[in-house]
Amino acid sequence: MDDLARWTTQVLVAEAGLRRDSYFGNRLTYSPKVFVPLTRLCRDRCGYCTFATAPRSLPHPYLLPHEVLAIASEGAEAGCHEALFTLGENPEARYPQARAWLDEHGYASTLHYVAAMCEVVLTETGLLPHVNAGAVDGEALAMLRRVSPSQGMMLESLRADLAAHRGAPDKDPVRRLETLEEAGRQGIPFTTGILVGIGESEEDRITALHAIAASHARHGHVQEVIVQNFLPKGGTAMRGAPACPPEEHIRAVALARLILPRDVHLQAPPNLSDAAQLDALIEAGIDDWGGVSPVTPDHVNPERPWPAIGMLRSAAERRGHVLAPRLPVHPEFARDHWLDPRVRFAVLDRSDAESLGRDDPGSLWPERHEAAANVGTGAEVLQIGRRSTAWYSGAEVNPVVLVPGPAAVSGAVREVLDGVLAGQEAGHDELLTLFKARGPEVAAVAETADRIRRDVVGDDVTFVVNRNINYTNVCTFKCTFCGFSKGPLSLNLRGKPYLLTLDEVAARAGEAWDLGATEVCLQGGIHPKFDGDFYVDVARAVHEAAPRIHIHGFTALEIMEGAKRLGESLESYLRRLKDAGLKSLPGTAAEILDDEIRALLCPDKLNTEEWLEVHRTAHHVGLRSNVTIMFGSVEQPVHWVRHLLRTRALQRETGGFTEFVGLPFVHMAAPVYLKRAARRGPTWRETLLMHAVARIAYRDDISNIQASWVKLGPVGTRQLLAAGVNDLGGTLMDENISRAAGATHGQQLTATDFAELCASAGRPVRQRTTLYDAVSRPAATLVGQTL
């Protein structure tokens, strides 16, 4: 590639597109943002700039705090993730008015004011600041790192004699290179770029791109490079200069893709090119459109309005790509050492499982909580402050409609779906590809899953009439996601611990049978006073009170702990439980079957192999069970894939699993979220894909895919019936665990509710037993009755 300048544009573009596709696939990203022009005063006089102005043109030298907050709040309400802070460089060195304003308001410098406003925006709105402060020193970079996850500075050009930069001391190439280097030394995710058409040559552009590539090779910190085309503006020294020719811009984009390291994102501002040019930019190798605002203009280029997101989406899909929102910090930099601890949770709170931006429409305000008194079985904290309008699991907001929807697919997702429909098994890489589906690919994955569902189980939607009996909420284990269990010191902190007597458990089971239930689900905390015989006694008490009811009970943790406390083998202990009346085990306590994640969610709980061994042994002694997954907290899609593959392998070994149940993490009262260490649950796209991809992964190994209506609500559940789901679980009389985490969808649906839900989806409904057999008595007697 030493002679890139000699390549024809056609060859450059072709090679650049292939290079982009080989690393980033067919995904294009953009950052939904607001533009905060904190000050338009600048000591530099660049020949092309209309952003910088004089004090006489402004009501005050800097935006006031309430003005900054108003802009950011409007962006938060519109669903933005980024607050882009743009400012002139070192204005107090040129304008006494700027220095006087800073002194009057108690700020040592413009950059100190920037840092203060970043903190206000971050705290009050949750928007993530991205600061373009220009050529600054290491002390300033460090100060801004504490309040912004990413920063940026356009390198523009390394040619020192450009007429465009006369009178602009901050555009000195040495100073700008030093800022880029210092950002790397401090581990700051950094955005930089070149300005094309301001008098430099193509060789100059190549030199600048190589310098950026070398800095990234040393530090790994360049998250994206912008290739911006010059457009002349009236009222500037360069108003008569020619605009950057489109072909030169396209060549510069392609050169950047070929010169820069493969992992550096490449951006071209979409508002600086005509709509007809967008396809050419995609072909030339970009994978990102940069910040696009539904609220504020581009204050640097106010004459060029932002294109509608729909236009960018259409351009992407025309070229076989999909569009996805991101955060100002790219996914590769959204975790670990790249972020200051003070901004880590703010990034996490707006992240999806791939560390891109959450893509559910609506606002996402920071959550603040206070303790709730007299909570009963509900969540033990109350949210205060502004309410988000975006969907998340357990909330009352209905999700966006993804299915039925337009389905279109190409590239890797197309290859996987074609293989699946041809009968090929989806392995690790294929399942991971499906979990990353975006845009119309999601509907295509759902359609494939639903086609498999029809082939495997037909059109009937099933449900079981059951009652939950959570016999105690006292637990000695420290699962960080659980809002239900009470520790020994929680009486004054988190509501009242309880322990039902055997008579109370038996009475609830008998009452459930009398009202038409065919199953009781027994789960509770691990009480410090229990020995293993307690669970045997509970099963026996239920069986004696309701001999014909199916006892579905005891998580793998309860089984393992019961056997351990008795010093008994798993097989012997499970046989005694079976003799006492136990018929099947729930798959809960699985969470994510990957020890990397379990170390964060449930460090003192049984590990992945122990969970699998409990269910392997249960299947061996004749007890059936199911598979659950709790997703959307701290894990990534690769962990979902491992979970599916490990349970699929066990099913092929034993055949004992009856169903798969997706359980989206309900964050509102979960300790791990309140401690600012988890995401806000999965997005709706991720939730739909979890059920659809599970159907594809298990195919006919596990025939039944269940939706947890208590976490999804009826509207969300109805969509999943078009994405591979064939079962709605139970009526869930007395559901407490999801409610304790903050879910608001109620404690029971009746047979009539299920029938109406399925009718609206065009599907017949059928009551089942726990093991998917026909019931001897229908649930019509339950209509209008509750326990």
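Residues numbered from 1 in each chain as written. Predicted model: local features only at pLDDT ≥ 70, side-chain atom pairs only at ≥ 80, totals over all residues. Heavy atoms only, no water.

Caption draft 1: Up close: unusual backbone geometry. Omega for the bond connecting Val403 with Pro404 falls within 30 degrees of zero, at -5 degrees, which places this linkage in the cis form. Positionally, Pro404 belongs in the loop between β11 (381-384) and α12 (411-421). With phi around 50 degrees, Asn90 is a residue other than glycine that occupies positive phi space. In this fold, Asn90 is placed in the loop between β2 (82-87) and α3 (96-105). Of note in this structure, Glu156 is not a glycine but carries a positive phi near 70 degrees. (Helix = DSSP H or I, 4+ residues; strand = E, 2+ residues; numbered from the N terminus.)

Caption draft 2: Inspection of the packing of aromatic side chains at higher detail. Taken as a whole, this structure holds 21 aromatic pairs when the rule is applied. An angle of 70 degrees between the planes, with centres 4.8 Å apart, marks the rings of Phe333 and Trp338 as edge-to-face. One exposure class covers both Phe333 and Trp338, and it is buried. One aromatic cluster is present, built from ring pairs that chain together Tyr471, Phe530, Phe534, Tyr535 and Phe554. The ring of Tyr772 is capped by Arg768, whose NZ or CZ atom sits 4.0 Å from the centre of that ring. (Phe/Tyr/Trp six-rings, centres within 6.5 Å; stacked < 30°, edge-to-face > 60°. Buried < 20%, exposed > 50% of the residue type's maximum accessible area, 1.4 Å probe, protein only. Lys NZ or Arg CZ within 6 Å of the ring centre and 35° of its normal.)

Caption draft 3: Examining the nonpolar core more closely. With 119 residues, the main nonpolar core has Val445 and Phe554 as its most contacted residues. At ten residues, helix α23 (residues 684-698) tops the list of elements feeding residues into this core. With residues near it in sequence (within four places) discarded, Val445 still touches Val413, Leu417, Leu434, Ala437, Leu689, Ala692, Val693 and Ile696. One finds Leu4, Leu111, Val131 and Val222 within the second-largest nonpolar core, a separate group that totals 86 residues. (Core = buried A, V, L, I, M, F, W, Y, C linked by side-chain atoms within 4.5 Å. Contact = heavy atoms within 4.5 Å.)

Caption draft 4: Up close: the pairing of strand β3 (residues 128-132). Summarising burial for β3: four of the five residues are buried, a large majority. Inspection of the sheet shows β2 paired to β3 by five bridges, in the parallel sense. What sits directly across from Glu82, in β3, is Leu128. Pairing analysis gives three bridges linking β3 to strand β4 (residues 150-152), with the strands arranged parallel. If you follow His130 over to β4, its bridge partner there is Ser150. Handedness of the crossover joining β3 and β4 through helix α5 (residues 138-145) is recorded here as right-handed. (Pairing = 2+ DSSP bridges. Right-handed = clockwise from strand over helix to strand, strands pointing away.)

Caption draft 5: Just the packing of helix α24 (residues 709-720) against helix α26 (residues 751-760), in detail. Here α24 crosses α26 at 40 degrees, and the two axes come no closer than 9 Å. One element, α24, and the other, α26, form an angle in the oblique class. Contacts from Trp709, Pro714, Thr717 and Arg718 of α24 reach α26 at Phe754, Leu757 and Ser760. (Axes fitted to C-alpha atoms, helices over the stretch in contact; angles between N-to-C directions. Parallel < 35°, antiparallel > 145°, perpendicular 65-115°, else oblique.)

Caption draft 6: Region of interest: the packing of helix α16 (residues 533-545) against helix α18 (residues 570-580). One can describe the packing of α16 onto α18 by two numbers: an axis separation of 8 Å at closest approach and a directional angle of 20 degrees. By the angle between their directions, the pair α16 and α18 is classed as roughly parallel. Where α16 crosses over α18, the two elements pack in a sense that is right-handed. Along its contact with α16, which presents Asp533, Tyr535, Val536, Ala539, Arg540 and His543, the element α18 presents Tyr573, Arg576, Leu577 and Ala580. Of the residues belonging to the contact of α16 with α18, the class tally is six nonpolar, one polar and three charged. (Left-handed = near helix turned anticlockwise from the far one by under 90°. Nonpolar A, V, L, I, M, F, W, Y, C, P; charged D, E, K, R; others polar.)

Caption draft 7: Representation of the confidence of the model for the chain within the structure. For the chain, per-residue confidence averages 92 on the pLDDT scale, and residues scoring 70 or more make up 93% of the total. Across residues 488-494 the pLDDT falls below 50, and counting only partners more than four positions away or on other chains, this stretch makes ten contacts in the model. Note on residues 780-787: pLDDT is under 50 here. Beyond four places in sequence and across chains, it has 20 contacts. (pLDDT = per-residue confidence, 0-100.)

Caption draft 8: Representation of helix α1 (residues 9-24) in the model. A rise of 1.5 Å per residue sets the reference length of α1, with its 16 residues, at 22 Å; its end C-alpha atoms lie 22 Å apart and thus fit the reference within 8%. Burial in α1 covers these residues: Thr9, Leu12, Val13, Ala16, Gly17, Arg20 and Phe24. End-on view of α1: buried residues confined to an arc of 125 degrees, all on one side of the axis. Within α1, the exposed residues directed more than 90 degrees away from the buried face are Gln10 and Leu18. The inward-facing, buried residues of α1 abut β1 (27-39), α8 (246-259), β7 (265-267) and α9 (278-283). (Expected span 1.5 Å × (residues − 1). Arc of directions from axis to C-beta.)

Caption draft 9: Quick peek at the pattern of salt bridges. This structure, assessed with the given rule, holds 56 salt bridges. Measuring nitrogen to oxygen at the nearest pair gives 2.9 Å for the salt bridge that ties Glu181 to Arg218. With a gap of 37 residues between them, Glu181 in helix α6 (residues 173-185) and Arg218 in helix α7 (residues 202-219) connect regions that are remote in the sequence. The class for Arg218 is exposed, based on a relative accessible area of 52%. A salt bridge links Arg326 to Glu224, with the nearest nitrogen and oxygen atoms 3.2 Å apart. Taken as a pair, Arg326 in the loop between β9 (322-325) and α11 (341-349) and Glu224 in strand β6 (residues 222-229) lie far apart in primary sequence, 102 residues in all. For Arg326, a relative accessible area of 2% gives the class buried. (Salt bridge = Lys/Arg side-chain N within 4 Å of Asp/Glu carboxyl O.)

Caption draft 10: Main features of the pairing of β2. Most of β2 sits inside the fold, with six of its six residues counted as buried. Pairing analysis gives six bridges linking β1 to β2, with the strands arranged parallel. Bridging from a neighbouring strand, Phe35 pairs with Leu84 of β2. Traced from β1 through helix α2 (residues 65-77) to β2, the parallel crossover comes out right-handed.

Caption draft 11: Layout of the environment of Ser273. Looking at where Ser273 falls in the secondary structure, it is placed in the loop between β7 and α9. A relative accessible area of 10% means that Ser273 is categorised as buried. Spatially, the C-alpha atoms of Ser273 and Pro297 are 16 Å apart, while their sequence positions differ by 24 residues. Once residues within four sequence positions are removed from consideration, Ser273 is found in contact with Asn229, His249, Leu281 and Arg304.

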